[in-house]
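Examining the three-dimensional arrangement
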Amino acid sequence: MVDNRLPSVTAVADKRLQSLTTPGVRVNGPQSVDINSVFVISGRFIVTEDEFLRLGSSPHRNLVLTVLREPLYGSCHPLKNCMIFHDDVQNLSGAYSGWFSLDVWSYAGFRHPGIYHIRMSLGEALSNVIETSVTDSRGG
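Residues numbered from 1 in each chain as written. Predicted model: local features only at pLDDT ≥ 70, side-chain atom pairs only at ≥ 80, totals over all residues. Heavy atoms only, no water.

1. Details of the overall build of the protein
As a reminder, the rule being used: Numbered from the N terminus, helices here are DSSP runs of H or I no shorter than four residues, and strands are runs of E no shorter than two. With C-alpha atoms as the basis for the radius of gyration, the globule rule is written as 2.2 Å multiplied by the number of residues raised to the power 0.38. For every residue, the accessible area obtained with a 1.4 Å probe (protein chains only) is divided by the maximum for its type, and the residue is called buried under 20%, exposed over 50%, and partly exposed between those limits. Every residue pair with non-hydrogen atoms within 4.5 Å of one another is taken to be in contact.
Counting its secondary structure elements, the protein contains three helices and ten strands. Helices (α) and strands (β) of the protein occur, in sequence order from the N terminus, as α-β-β-β-α-β-β-β-β-α-β-β-β. Here the protein has a C-alpha radius of gyration of 15 Å; the compact-globule value for 140 residues is 14 Å, and the two agree. In terms of overall dimensions, the protein has a C-alpha envelope of 50 × 35 × 30 Å along the principal axes. Counting over 140 residues, the protein shows a buried share of 43%. In the protein, the share of contacts with a sequence separation of at least 24, taken over all contacts with a separation of at least 6, comes to 66%.

2. Quick word on the side chain of T132
The condition is simple: We call two N or O atoms a polar contact when they sit within 3.5 Å, provided that within protein one can donate a hydrogen and the other can accept it, with sequence-adjacent residues counted only if both atoms are side-chain atoms.
When you line up the elements, T132 lands in strand β10 (residues 130-135). A polar side-chain atom of T132 sits 2.6 Å from the main-chain carbonyl oxygen of P30. Discounting residues that sit within four places of it in the chain, T132 has contacts with P30, Q31, S32, V33, F39, G114, I115 and Y116.

3. Description of the pairing of strand β5 (residues 72-76)
Consecutive side chains along a regular strand alternate between the two faces of the sheet. We count it as follows: Pairing between strands is defined by DSSP: at least two bridges between the two strands are required.
With five bridges joining them, strand β4 (residues 64-69) and β5 adopt antiparallel strand pairing. In the strand pairing of β5, T66 is matched with S75. Between β4 and the antiparallel strand that follows it, β5, lie two residues.

4. Topic: the state of the cysteines
To keep things clear, this is the line we draw: To count as a disulfide, a pair of cysteine sulfur atoms needs to be within 2.5 Å.
Tallied over the full model, the rule gives zero disulfides. Considering cysteine sulfurs only, C82 is the nearest to C76, which forms no disulfide, with 11 Å between them. Since its relative accessible area comes to 21%, C76 is described here as partly exposed.

5. Details of the pattern of salt bridges
Heads up, the rule is: Any carboxyl oxygen of Asp or Glu that lies within 4 Å of a side-chain nitrogen of Lys or Arg is treated as forming a salt bridge with it.
For the structure shown, the criterion picks out two salt bridges. Here D14 makes a salt bridge to R16, at a shortest N to O gap of 3.3 Å. For D14, a relative accessible area of 11% corresponds to the buried category. Salt-bridge contacts for R54 lead to E51; the nearest nitrogen and oxygen are separated by 2.8 Å. With R54 and E51 both in helix α2 (residues 49-54) and three residues apart, this pair spans about one turn of that helix. Judged by its relative accessible area of 55%, R54 falls in the exposed class.

What follows is the structure, given as structure tokens:
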């Protein structure tokens, strides 16, 4: 059984993420999630060879997660201390690509019902924003 709370660098079968073909970051996540469930987002990045070398040949470690739920805000490097292997980054002839999945609750530092805006960044590249409604089915 896979523990969704642990970050992963395994490719995700999501056509929206697979269609990324130029340098940047793209993320995908749920439109809604219960506060008592895992809140998994997945993403993919592509960096140029120069950026790959500048990032120390391990771009995953430089990914930044930003979580916003008014008035709360937080950011962190969720994969900074993860074990990343050489083959976790794919060479795309002049560019490099990698995948990631993680549980937002493991890094956010807060957990309340409301509308959350999630974004990832890598160097100067900013991802799209995921807007997720977090509800509490237990009414608490």
